Amino acid sequence: MMQTKDVANEIRKHTARWTIRANGGYLAQACGSAEILSTLFNDVLDLGKSTGPFMPSEFIGVPKPGAPGTRGESWLGNGPDLLVISPAHYATAMYSALVATGRMDEQALIKCSKDGQLLEMIGAEHSPGMVVSSGSLATALSVCVGRAIARQKLNKPGFIWVFLSDGELQEGATWEALQLAKAMKLSNLKIVIDNNGMQVDGQMNNVMPLGAIEDKLRAFGCEVYDIDGHNLEEINLACKSALQDDSLSVILARTKPWTGFSFLLDRWENNKLHFIRLTEIEKEILTKELAVL
Amino acid sequence: MGYEIVNRPHVENFINWSKDKPKVLVVTADLTNSCEVGKWRDIYPERYISMGMAEQNMVSFAAGLAREGFEPWLHTFAVFLYRRPFDQLHLSVAYPNLPVRFVGFLPGITTPGGVTHQAIDDINALRGVPNMTILETGDATEVESVLDVAHKIDGPVYIRMLRGEVSRIFPKAEAMQFNQARVLSNGFDVTVISSGISTEEALRAIPALQEHGVSVQHLHISTLKPFDDPQVIESLKSAKHGIISMENHSVIGGLGSAVADLMAEHGIGKKLIKIGLKDTYAHGASQKYLLQKYGLGARSLIEATEKLMDKDLKISEEELSQTRVIDVHSTAKAEAL
């Protein structure tokens, strides 16, 4: 098994190569969340073996009566734990994590990202590692509250981990879901928020500031772990601690989505970090830095 | 005309029906008694989940329950089930084709609650949702038997549900059948296709039309999507003067539009008059007043027939069968609007 820090590195590398290949990608999301995802996969989650094919098959169709379609969940294994990525724009980071943790063939990143294949840029529930179709943001948490309650009723072991982005805290539905999770005293649901401070239009503080997120979460009754989202030890400790909580735990992981490649910081400052279509100069920098990462 | 009036048919029927179905859950958004599941909650407290006023969360939450093998029956007013949480309804429930049952009470102008409470475009909105099945109840028998129909469907179902004092128009033994119209009368001059409470209105007018020599083919619809029952297609073909649709909904996108689609697809080149809300909102008042004011009642069917046949039938108000009048504040609607 690859070391956690190496998994994080691989997530950045695979996503960077994808971004070069496709001349566009969600690179900053992967760069910000690399340590969170690698820790979850390597040190926290009890996912079980992947039941999805190592080389994914092609897209067989949208779900219909009698034909549920491919389930991206199968690459996450049979549990008992489940990891649900809410912001579907992190799909490439997830695909990269699946490759780095031996759940999917590296060649799939190339072969299966073409038209008619499963590795879509904004993932949906047929995409490997994606559980719900939550590209319209702030819906996955509600689904997970439902699954967590259902699993409680069925006496199923394990935890449902939901990965949220801080931008989703701008949506009212997120708070409705937190309100319910708290009222239900759910202890089998754990939340990690990638607090990267960015959204499509730029830095959140300029677009729509969230203010004191940790205070807001605490006011909703959450146990909040305010941590450095690039520090493997801090992430690991917070996750382990959250697993012991009886109440609703939220790990607020402060991240720098420009981590790994130098030109990303300029993009952060220029409010152009959400989606990266590389300029020729950026492509050169990225290629050079990728070689030594 | 004296139909048996059944008081709150959903209450006991749903309790009995749920008895041997442990995966059936009830989820509500602060309208539990108003949607006739207060007693259900008391009998099956472990299967009842209260959301508070949070419909967006409720819909995605229900998707989560369904993904783990449960069959959630969402109970709230129709208008709150599809408007605010439309995105969640599409992506959390309809896309994955999950067995979530949306039980929408007080469809159309059956509520005196006014514009905010009147679901006048729900069929229009939901016909465009892939994987969604749409059912509508027209009497107590259908309120009772719609449960089995919905339960058997592999995928999400939206139900326009009646509550309170509900007429029993169809014999109790004649349960609602999926995608199968009820043929209420046979004739060749005009074909009337009605659904929900509009069927009772149509039944007030049709005997008078027949008295005046009009031969009427009348079909009652309870499955609005899919909409391809061969009986409907045949009835559309056989109408000599034209077709009249009649619904408690906007004339855009509902039953009338579904009929128009079918006519076009089958090359049935006849006139169609759509009785319904004519691209307008309504306001808060009694059902009887609203039926009359917005032209949704029995009289509108007479007028539409006259227009299709180009004939003044001279049918007086007295000839229309008596409608029952439900007081806005009757005991059966003692709960909140």
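If you're wondering where the values come from, they're calculated on a predicted model, not measured in any experiment.

Conventions and cut-offs
Residues numbered from 1 in each chain as written. Chains lettered and ligands numbered in written order. Predicted model: local features only at pLDDT ≥ 70, side-chain atom pairs only at ≥ 80, totals over all residues. Heavy atoms only, no water. Helix = DSSP H or I, 4+ residues; strand = E, 2+ residues; numbered from the N terminus. Rg over C-alpha atoms; globule rule 2.2 N^0.38 Å. Buried < 20%, exposed > 50% of the residue type's maximum accessible area, 1.4 Å probe, protein only. Contact = heavy atoms within 4.5 Å. Areas by Shrake-Rupley, 256 points an atom, 1.4 Å probe, with all protein chains shown as cover. Phe/Tyr/Trp six-rings, centres within 6.5 Å; stacked < 30°, edge-to-face > 60°. Lys NZ or Arg CZ within 6 Å of the ring centre and 35° of its normal. Domains from an automatic or database assignment. Buried area = accessible area lost by both parts, 1.4 Å probe. Salt bridge = Lys/Arg side-chain N within 4 Å of Asp/Glu carboxyl O.

Looking at the overall build of chain B
Broken down by element type, chain B carries 12 helices and 14 strands. In terms of C-alpha radius of gyration, chain B reaches 19 Å, essentially the compact-globule figure of 20 Å for 337 residues. When its C-alpha atoms are laid out on the principal axes, chain B stretches across 60 × 45 × 35 Å. Taken across its 337 residues, chain B has 64% of its residues classed as buried. Long-range pairs, those at least 24 residues apart, make up 79% of the contacts in chain B with a sequence separation of at least 6. Per element, the accessible surface of chain B, about 12300 Å² overall, is 51% carbon and sulfur.

Observations concerning the packing of aromatic side chains
All names here are of chain B. Under the criterion given, the structure shown has 12 aromatic pairs over all chains. Taken together, a centroid distance of 5.7 Å and an interplanar angle of 50° make the contact between Phe-14 and Trp-73 tilted. One end of the pair, Phe-14, is in helix α1 (residues 9–18); the other, Trp-73, is in strand β4 (residues 71–77), with 59 residues separating them in the sequence. Look at Trp-73 and you get buried, because its relative accessible area is 0%. With 6.5 Å between their ring centres and 80° between their planes, Tyr-82 and Tyr-158 make a pair best called edge-to-face. Residue Tyr-82 is located in helix α4 (residues 78–82), and its partner Tyr-158 is located in strand β7 (residues 157–161); the two are separated by 76 residues in the primary sequence. Relative accessible area serves as the criterion here: at 1%, Tyr-82 is assigned to the buried category. One aromatic cluster in this structure is built from Phe-14, Trp-17, Trp-40, Tyr-44 and Trp-73. Taking NZ or CZ as reference, Arg-47 lies 4.3 Å from the ring centre of Tyr-44, over its face. Sitting over the ring of Tyr-294, Lys-293 keeps its end group 5.7 Å from the ring centre.

Description of the domain arrangement of chain B
Residues and elements named next belong to chain B. Examined at the domain level, chain B breaks down into domain 1 (4–168) and domain 2 (182–319). Here the C-alpha centre of domain 2 lies 26 Å away from the C-alpha centre of domain 1. Contact residues are listed per partner, giving 32 residues for domain 1 and 32 residues for domain 2. Each partner contributes to the roughly 2300 Å² buried at the junction of domain 1 and domain 2, and carbon and sulfur atoms together form 53% of this total. Its largest share of buried area at the contact with domain 2, domain 1 owes to Ile-109, Ile-120 and Arg-127, together 32% of the area lost on that side. The interface formed by domain 1 and domain 2 holds two salt bridges in total.

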